[in-house]
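Examining the three-dimensional arrangement
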Amino acid sequence: MALLARFFQERPFFSSPRSLSLKAIARTSTSVVALAPKEVLPFSAIPGPKGTIRNLLDYGMSRGTFFEVLEKRFDKYGPIYSEKLLDTRIVSISDVDATTNVLRREKNFQMRPGFEAVADIVEETGSSLGLASNDYEIWYPDRSLLSPKMLRPKDVSERYSLLNTIANEFAERAARRIGSDGVVNNIEEELNFWTVESLAAFLFNQRLGFYDDPPDPEAVAFVNSARIMLDMTGKMLHGAPFYKYFKTSTYSMLKESVIEVNTRGLNILNRVLATKQEKVKTVSGHKQSLFEFLSANDKSPERMASMLVGLMSAGIDSTSATCLWLFYELARNPDIQEKLYSELLSSIGPDREVSASKIPSYLKAVVKESQRLYPVAGYVVPRVFHNDIDVLGYKIPAGVKIYSYEFLHSIDERYYGADAKQFVPERWMRDDAGKKREFNPFTMLPFGFGVRMCIGRRMAEALIYTVTSKLLLRYRLEYAGECELKRSLVGTFMSPDQPVLLKLIPREKEI
């Protein structure tokens, strides 16, 4: 049994169920999703693989990435199939209408399955999930307090000055990491450091020290711990739930990383508290940071740490992976890259700062198109309901996990045409007559949906717009890899299946 557990721990399975919080259940909708006025078939009639052991072996032995295995399953069983892993029942869907009805079912509070192991660890260690919690009493007050500050365009625009500085430093440091073959050495790590330094600037209006020489060891340790936590969370999220019966090595590593992230995060927060009056390394023209906003609302250091550290750790891989995919597509499409460069040069200029009012429409289109092809965090939208619901003519009992796989909708020719799998930012631009193409919004949800949508959306967009602009205004990107990258599951996010080999070719300054 122990050998079997070790074999399956790093295979793409799904996590185990946990009894729903009564407080959360009380806030779920009582409506039923009925997609067709015909007889509803029982849950047992849903097609899908039968038998737990065979199902585990199918996942473990199937060739291809996690996403390729899913595509094969939908090709075999159709737009809905069910499966059972140990005592976990799961329904997977790849139908836009079904996804729309499932996601629209709840208005106030949405249960997201998959973090049961993390919840166990949090309870055991006395840590906090903050905004990721499925406990309404924890999640709702924090979300209500942070949403206006995080999603208000004015508050986001005030952070661009410091983000520009950090993006410049990223571009300079990346150039110094170019090897003899012209490829940037470990650009993934550079993007991780840039992400956390930028997130800290956004949240604290203060630098962490990644670009000091040497980098601040506390900040580096935080990033390393956060990445391990996300990696282990992903393995638990998509893994067989053996941890319920004995503590696996993945569970133990997850527990250690959760403790480490909380400890390191609180240390960083205490450092910010200590330097708050001194304004060390802060931007001139002081604006209230999110940290100061929470302080003004009488949040304790521990509560602030759970919220801010959660935002920072969740944003590391998601933001850096989004940039990796974007740089990869720009490097492979020189015509698009040059068109974007021209627009950046015209609207921003070679040496001026990026601001919220100077984001070219083509840059927004390029980023959106990259997110359509590679929905890093939004490749799946999971839900679980207290009441039975009807989906695609089948009755799904309460407590069954429903996974809507958005990454299949966003590359479907039925919704995006014959070039659905190609990188075409123009599909998001207005035509010569000023008209914009309309797409079903439920075919693309890179930041999730509804009240549980990613609260850091505007923050992430500001980071991506800034670093992309600064990089392209200095360098031309070339892809040095020998083969196309595949979508792969790394931790909890859709990431490239191999290192991204990028060359940076310096541009001559144009006036």
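Refer to the structure above for everything that follows.
Presented here is a report on the structure given in the accompanying data block. (Residues numbered from 1 in each chain as written. Predicted model: local features only at pLDDT ≥ 70, side-chain atom pairs only at ≥ 80, totals over all residues. Heavy atoms only, no water.)

Considerations on the overall build of the protein
Within the protein, the regular secondary structure consists of 19 helices and ten strands. Residues classed as buried in the protein amount to 54% of the 511 residues present. Of the contacts made within the protein by residues no fewer than 6 positions apart, 77% connect residues no fewer than 24 positions apart. When the accessible surface of the protein is totalled, it reaches about 21800 Å², and 51% of it is carbon and sulfur. (Helix = DSSP H or I, 4+ residues; strand = E, 2+ residues; numbered from the N terminus. Buried < 20%, exposed > 50% of the residue type's maximum accessible area, 1.4 Å probe, protein only. Contact = heavy atoms within 4.5 Å. Areas by Shrake-Rupley, 256 points an atom, 1.4 Å probe, with all protein chains shown as cover.)

Remarks on a positive patch on the surface
Among the surface-exposed residues, Lys364, Lys368, Arg430 and Lys436 lie close enough to one another that they form a single positively charged patch. With respect to the helices and strands, Lys368 occurs in helix H16 (residues 361-373). (Patch = residues over 30% accessible without salt bridge, like charges linked within 9 Å, V, L, I, M, F, W, Y side chains within 5 Å. Salt bridge = Lys/Arg side-chain N within 4 Å of Asp/Glu carboxyl O. Lys, Arg positive; Asp, Glu negative; His and termini not counted. Charge placed at Lys NZ, Arg CZ, Asp CG, Glu CD.)

Description of the sheet that holds strand E6 (residues 401-405)
Across the sheet, four strands lie side by side as E1-E2-E6-E3; this open sheet has mixed pairing. The sheet is open, and its two borders are formed by strand E1 (80-85) and strand E3 (380-384), each paired with just one other strand. Sheet twist, expressed as the mean angle between neighbouring strand axes with direction ignored, is 25 degrees. As defined by bridge partners, E3 adjoins E6 across five bridges and the pair is classed as antiparallel. When the bridges of E6 are listed, Val380 appears paired with Tyr405. Relative to the sheet, helix H5 (residues 96-103) contacts strand E2 (88-93), E3 and E6, its axis offset from that of E2 by approximately 125 degrees. (Pairing = 2+ DSSP bridges. Axes fitted to C-alpha atoms, helices over the stretch in contact; angles between N-to-C directions.)

Looking at the packing of helix H10 (residues 187-204) against helix H19 (residues 457-474)
Between H10 and H19, whose axes approach to 11 Å, the crossing angle comes to 125 degrees. In terms of axis orientation, H10 runs oblique to H19. With respect to the hand of their crossing, H10 and H19 are arranged in right-handed fashion. Two secondary-structure elements touch here, H10 through Trp194, Thr195, Ser198, Leu199, Phe202 and Leu203 and H19 through Met459, Leu463, Ile464 and Val467. (Parallel < 35°, antiparallel > 145°, perpendicular 65-115°, else oblique. Left-handed = near helix turned anticlockwise from the far one by under 90°.)

As for the nonpolar core
Leu203 and Phe204 are the most contacted members of the largest nonpolar core, which has 118 residues in total. A per-element tally of this core places helix H14 (residues 301-332) first, with 17 residues. Discounting residues that sit within four places of it in the chain, Leu203 has contacts with Met150, Ser289, Leu290, Phe291, Leu308, Leu311, Met312 and Met459. If you look at the next biggest cluster of nonpolar residues, it comprises 14 residues, including Phe43, Val91, Ile93 and Phe385. (Core = buried A, V, L, I, M, F, W, Y, C linked by side-chain atoms within 4.5 Å.)

Considering helix H11 (residues 217-237)
Taking 1.5 Å per residue as the helical rise, H11 with its 21 residues ought to reach 30 Å, and the 30 Å between its terminal C-alpha atoms agrees with that figure. Taking the backbone nitrogen of Glu218 as reference, a side-chain oxygen 3.1 Å away marks Asp216 as the first, capping residue of H11. (Expected span 1.5 Å × (residues − 1). Polar contact = N/O pair within 3.5 Å; in protein donor to acceptor, adjacent residues only side chain to side chain.)

Concerning the pairing of strand E8 (residues 487-490)
In the case of a regular strand, side chains alternate between the two sheet surfaces. Pairing between E8 and strand E9 (residues 493-496): four bridges, direction antiparallel. Looking at E9, one finds that Ser488 is bridged to Ser495.

Quick notes on the pattern of salt bridges
By the definition in use, this model includes 24 salt bridges. One salt bridge connects Arg207 with Glu169, and the closest N-O pair in it is separated by 2.6 Å. Of this pair, Arg207 sits in the loop between H10 and H11 while Glu169 is found in helix H9 (residues 160-176), placing the two residues 38 residues apart along the sequence. Overall, the relative accessible area of 14% leaves Arg207 in the buried class.

Some thoughts on the pairing of E1
Counting buried positions along E1 gives five out of six residues, so the element sits mostly inside the fold. In the sheet, E1 pairs with E2 via six bridges, with the strands oriented antiparallel. Among the inter-strand pairings, Lys84 is bridged to a residue of E2, identified as Arg89. What sits between E1 and E2 in their antiparallel hairpin is a turn of two residues, with Leu86 showing a positive phi close to 55 degrees.

Describing the packing of aromatic side chains
Across all of its chains, the model carries 16 aromatic pairs by this definition. Taking the centre distance of 6.1 Å and the plane angle of 50 degrees together, the rings of Phe170 and Trp194 count as tilted. On the criterion of sequence distance, the pair formed by Phe170 in helix H9 and Trp194 in helix H10 is long-range, its members being 24 residues apart. Taking the relative accessible area as the measure of exposure, Phe170 reaches 0% and is therefore buried. Aromatic pair Tyr328 and Tyr479: ring centres 5.0 Å apart, planes at 85 degrees, arrangement edge-to-face. One end of the pair, Tyr328, is in helix H14; the other, Tyr479, is in strand E7 (residues 475-479), and 151 residues separate them in sequence. Each member of the pair Tyr328 and Tyr479 is classed as buried. Here a set of aromatic residues connected by ring pairs shows up, and it is made of Phe66, Phe67, Phe74, Tyr77, Tyr81, Tyr379, Tyr403, Tyr405 and Phe407. If you follow Lys247 out to its NZ or CZ, it ends over the ring of Tyr251, 4.4 Å from the centre. The ring of Tyr341 has Arg507 lying over it, and the distance from NZ or CZ to the ring centre is 3.8 Å. (Phe/Tyr/Trp six-rings, centres within 6.5 Å; stacked < 30°, edge-to-face > 60°. Lys NZ or Arg CZ within 6 Å of the ring centre and 35° of its normal.)

Notes on the environment of Val380
Following the sequence through the fold, Val380 ends up in strand E3. Along the chain, Val380 and Gly448 lie 68 residues apart, while their C-alpha atoms are 8.3 Å from each other. In this view, Val380 contacts Tyr403, Ser404, Tyr405 and Glu406; residues no more than four positions away in its chain are not counted.

Things to note about helix H6 (residues 116-125)
It helps to recall that an α-helix has 3.6 residues per turn; residues three or four apart then point in one direction. Taken together, the buried positions of H6 are Glu116, Ala117, Val118, Ile121 and Val122. The elements touched by buried residues of H6 are H11, helix H12 (249-275) and E6.

Observations concerning unusual backbone geometry
Phi at Asn186 takes a positive value of approximately 55 degrees, unusual for a residue other than glycine. If you trace the backbone, Asn186 turns up in the loop between H9 and H10.

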